Amino acid sequence: MAETLETRRRSDQARDLGIYDEDGFVDSDFLKRIEALVEAEDAATLKSLVEPLHESELGDILETVDATPRQGLVSLLGEDFDYAALTEVDEAIRLSIVEAMPNPQIAAALGELDSDDAVYILEDIEEEDRKEILAALPFRERMRLRRSLEYPEESAGRRMQTEFVAVPPYWSVGQTIDYMREDEDLPTSFAQIFVVDPMLKLIGAVELDRILRAKRPEKIEDIMHDTRHAIPAEMDQEEAAQIIEQYDLLSAAVVDQGERLVGVLTIDDVIDIVQAEAEEDIKRLGGVGDEEISDTVLTAVRSRFTWLMVNLATAILASLVIGLFDATIQQMVALAVLMPIVASMGGNAGTQTMTVAVRALASRDIDLRNAGRIIRRESLIGLLNGVLFAIVIGIVAAVWFQNPGLGQVIAIAMIVNMIAAALAGILIPLVLDNLGADPALASGTFVTTVTDVVGFFAFLGLAAWWFGLG
């Protein structure tokens, strides 16, 4: 939601309360004060302390306090609790708060929120409870929320606000201004007025500044422009955010399959989407799925187990490669000391390339047209890094074990594995993306496997040939 004067005033008051310490974390003394008030069940003082807080500040407090005082805080605030704060906390905390509330209370609270915030809370609630909550809402609000919930998860339709200002093209500027002044159901903040026909089919749009500069008798159709980059409601939210970001839009109309106006995506929605998608990519690169820091131990174990099992399988594969050269290692123990270096350097280099590639795929900076150029670029980077680190580790190994030949072997193996790491880091995400798999989720394991197998095989195989071992 756009910042209003009231929001700014409340935020200034909150800063005066000293919520955050100098490092930007919730101040421990402020938390102790909140917890003491909850324990004493001093609702009046608690409400006076929390009332000035912005929803994001209240969200920070909810995420920082323990579960028991958190529930007590929400309970004591009662109807004065700002439910918009639930959009600022992670899913586990949000569900723990909502599940402790009766459905009629949730319904009453959702009726005070913008539709996009209400949908954000509703979509994680169990189907049976969701139906009961929706049934308790006024007909118009119920229909709006149901329509948004019918769109796919992480689509523009789920993230849009269904509150917008739409007028017919034959209205005058004066009629439009009077309408905005008198209608109490309009959104609290907006930057555009949309122009629609009697069937709500989107015709165009006009910015508020254009309205303010126009004479009252002028017709809306004379000052409007064609709607730029209307977003289909079924479109993935990340793609929708990229369109708004690319064209520097403050807001964009969302239309259904019949090109009827159904909602609007605003810049604050885009910021939330970009942050959520970036966080999702980071978690998937680490193989932790949608895990939150507030999840229970069992939930975290389930989240991590699958990919740890896959990693175990790939580690066994790398060990089998080492097993092929067990006789070689027995004859030259220095190989066992040095071989983790080759694999580790390759793994790190591959992860660097993979991270850049996955992010480029997510932001659509890589396509078939420029893939060849980027592959050549990453290969050259791998070669140059391989040569530089080959010189370093070659000298270190030769001096360490008093064996120049061993230094040359590990130097060549380093170059080979760094090139393999660069190629794996760019090609594996590209292949997975073309196959329809999520490159952020699956790339890491495969890249590590390639660098381990190539690194061990190159180093130990080359050593066996160079020194005539085996």
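Residues numbered from 1 in each chain as written. Predicted model: local features only at pLDDT ≥ 70, side-chain atom pairs only at ≥ 80, totals over all residues. Heavy atoms only, no water.

1. Comments concerning the UniProt feature "domain: CBS" (unreviewed entry) in the protein chain
At step 1: Here the UniProt-annotated "domain: CBS" (unreviewed entry) positions come out as residues 160–223 and 224–280.
At step 2: Annotated as 31% helix and 20% strand, the span residues 160–223 places its first and last C-alpha atoms 26 Å apart.
At step 3: Between the C-alpha atoms that bound residues 224–280 there is a distance of 39 Å. The span itself is 42% helix and 23% strand. (UniProt positions renumbered as here; feature names shortened; annotations may be inferred. Helix = DSSP H or I, 4+ residues; strand = E, 2+ residues; numbered from the N terminus.)

2. Re the packing of helix H7 (residues 103–110) against helix H9 (residues 127–135)
At step 1: At a minimum axis distance of 8 Å, the contact between H7 and H9 shows a crossing angle of 60°. Taken together, the axes of H7 and H9 are oblique relative to one another. As H7 runs across H9, the sense of the crossing is right-handed. Contacts from Asn103, Ile106, Ala107 and Leu110 in H7 reach Asp129, Glu132 and Ile133 in H9.
At step 2: Taken together, the residues that form the contact of H7 with H9 break down as four nonpolar, one polar and two charged. (Axes fitted to C-alpha atoms, helices over the stretch in contact; angles between N-to-C directions. Parallel < 35°, antiparallel > 145°, perpendicular 65-115°, else oblique. Left-handed = near helix turned anticlockwise from the far one by under 90°. Contact = heavy atoms within 4.5 Å. Nonpolar A, V, L, I, M, F, W, Y, C, P; charged D, E, K, R; others polar.)

3. Focus on the UniProt feature "transmembrane region" (unreviewed entry) in the protein chain
At step 1: Sequence positions flagged by UniProt for "transmembrane region" (unreviewed entry) are, in local numbering, residues 305–325, 331–358, 379–401, 407–432 and 444–467.
At step 2: For residues 305–325, the end-to-end C-alpha separation is 31 Å, with 90% helix and 0% strand making up the annotated structure.
At step 3: For residues 331–358, the end-to-end C-alpha separation is 42 Å, with 93% helix and 0% strand making up the annotated structure.

4. With respect to the pattern of salt bridges
At step 1: In this structure the tally under the stated criterion is nine salt bridges.
At step 2: Residues Asp124 and Arg94 are paired through a salt bridge, measuring 2.8 Å at the closest nitrogen-oxygen approach. Of this pair, Asp124 sits in the loop between helix H8 (115–122) and H9 while Arg94 sits in helix H6 (residues 91–99), and the two are 30 residues apart along the sequence.
At step 3: Accessibility expressed as a relative area gives 24% for Asp124, which makes it partly exposed.
At step 4: Salt bridges here are not isolated pairs; linked through shared partners, they connect Glu123, Arg158 and Arg159. (Salt bridge = Lys/Arg side-chain N within 4 Å of Asp/Glu carboxyl O. Buried < 20%, exposed > 50% of the residue type's maximum accessible area, 1.4 Å probe, protein only.)

5. Overview of the packing of aromatic side chains
At step 1: A complete count under the given rule lists five aromatic pairs for this structure.
At step 2: Plain terms: the ring middles of Phe81 and Tyr83 are 4.9 Å apart, the flat faces sit at 80° to each other, and that makes the pair edge-to-face. Across the pair, exposure class does not vary: Phe81 and Tyr83 are buried alike.
At step 3: Both rings, one in Trp171 and one in Tyr179, keep their centres 5.4 Å apart while their planes meet at 75°; by these two values the pair is edge-to-face. (Phe/Tyr/Trp six-rings, centres within 6.5 Å; stacked < 30°, edge-to-face > 60°.)

6. Quick look at the side chain of Asp90
At step 1: Considering the arrangement of structural elements, one finds Asp90 in the loop between helix H5 (67–77) and H6.
At step 2: Put simply, Asp90 is tucked away with no salt bridge, and the nearest opposite charge, on Arg94, sits 6.7 Å away.
At step 3: Of note is the side chain of Asp90, whose polar atom sits 3.1 Å from the backbone nitrogen of Ile93. (Lys, Arg positive; Asp, Glu negative; His and termini not counted. Polar contact = N/O pair within 3.5 Å; in protein donor to acceptor, adjacent residues only side chain to side chain.)

7. Thoughts on H5
Each full turn of the α-helix corresponds to 3.6 residues, which orients residues three or four apart in the same direction.
At step 1: Among the residues of H5, Pro69, Arg70, Gly72, Leu73, Val74, Leu76 and Leu77 are the ones counted as buried.
At step 2: Looking at the buried positions of H5, the neighbouring elements they touch are helix H2 (28–39), helix H3 (43–50), helix H4 (55–64) and H6.
At step 3: Trailing H5 by a residue or two, Gly78 shows a phi angle of about 55°, which is positive.

8. Re the domain arrangement of the protein chain
At step 1: In terms of domain boundaries, the protein chain breaks down into domain 1 (14–154), domain 2 (166–286) and domain 3 (297–467).
At step 2: The C-alpha-based centres of domain 2 and domain 3 are spaced at 48 Å.
At step 3: In this assembly, six residues from domain 2 lie in contact with ten residues from domain 3.
At step 4: Between domain 2 and domain 3, the buried area comes to about 780 Å², and carbon and sulfur atoms account for 47% of it.
At step 5: At the boundary of domain 2 with domain 3, the tally comes to zero residue pairs in polar contact (both at pLDDT 80 or more).
At step 6: For the side of domain 2 that touches domain 3, the elements supplying multiple residues, two or more each, are helix H15 (237–246) and helix H16 (267–285). (Domains from an automatic or database assignment. Buried area = accessible area lost by both parts, 1.4 Å probe.)

9. Observations concerning the nonpolar core
At step 1: By size, the foremost hydrophobic cluster in this structure holds 44 residues, and its most contacted members are Leu46, Leu62, Leu73 and Phe81.
At step 2: For this core, the element with the highest residue contribution is H2, accounting for five residues.
At step 3: Excluding anything up to four places from it in sequence, Phe81 contacts Leu58, Leu62, Val74, Leu86 and Met101.
At step 4: With 31 residues, the next largest nonpolar core counts Leu335, Ala349, Val409 and Ala463 among its residues. (Core = buried A, V, L, I, M, F, W, Y, C linked by side-chain atoms within 4.5 Å.)

10. Observations regarding a nonpolar patch on the surface
At step 1: A cluster of nonpolar residues, Val297, Val301, Phe305, Met309, Leu312, Ile316, Leu317 and Leu320, forms a patch on the protein surface that exposes about 790 Å² of accessible area.
At step 2: Here Met309 is to be found in helix H17 (residues 297–323).
At step 3: Taking relative accessible area as the criterion, Met309 reaches 42% and is therefore assigned partly exposed. (Patch = residues over 30% accessible without salt bridge, like charges linked within 9 Å, V, L, I, M, F, W, Y side chains within 5 Å. Areas by Shrake-Rupley, 256 points an atom, 1.4 Å probe, with all protein chains shown as cover.)

11. Concerning the sheet that holds strand S1 (residues 166–167)
At step 1: Here we have three strands laid out as an open sheet, ordered S1-S2-S3, and mixed in their pairing. Each edge of the open sheet is held by one strand with a lone partner, namely S1 and strand S3 (202–207). (Pairing = 2+ DSSP bridges.)

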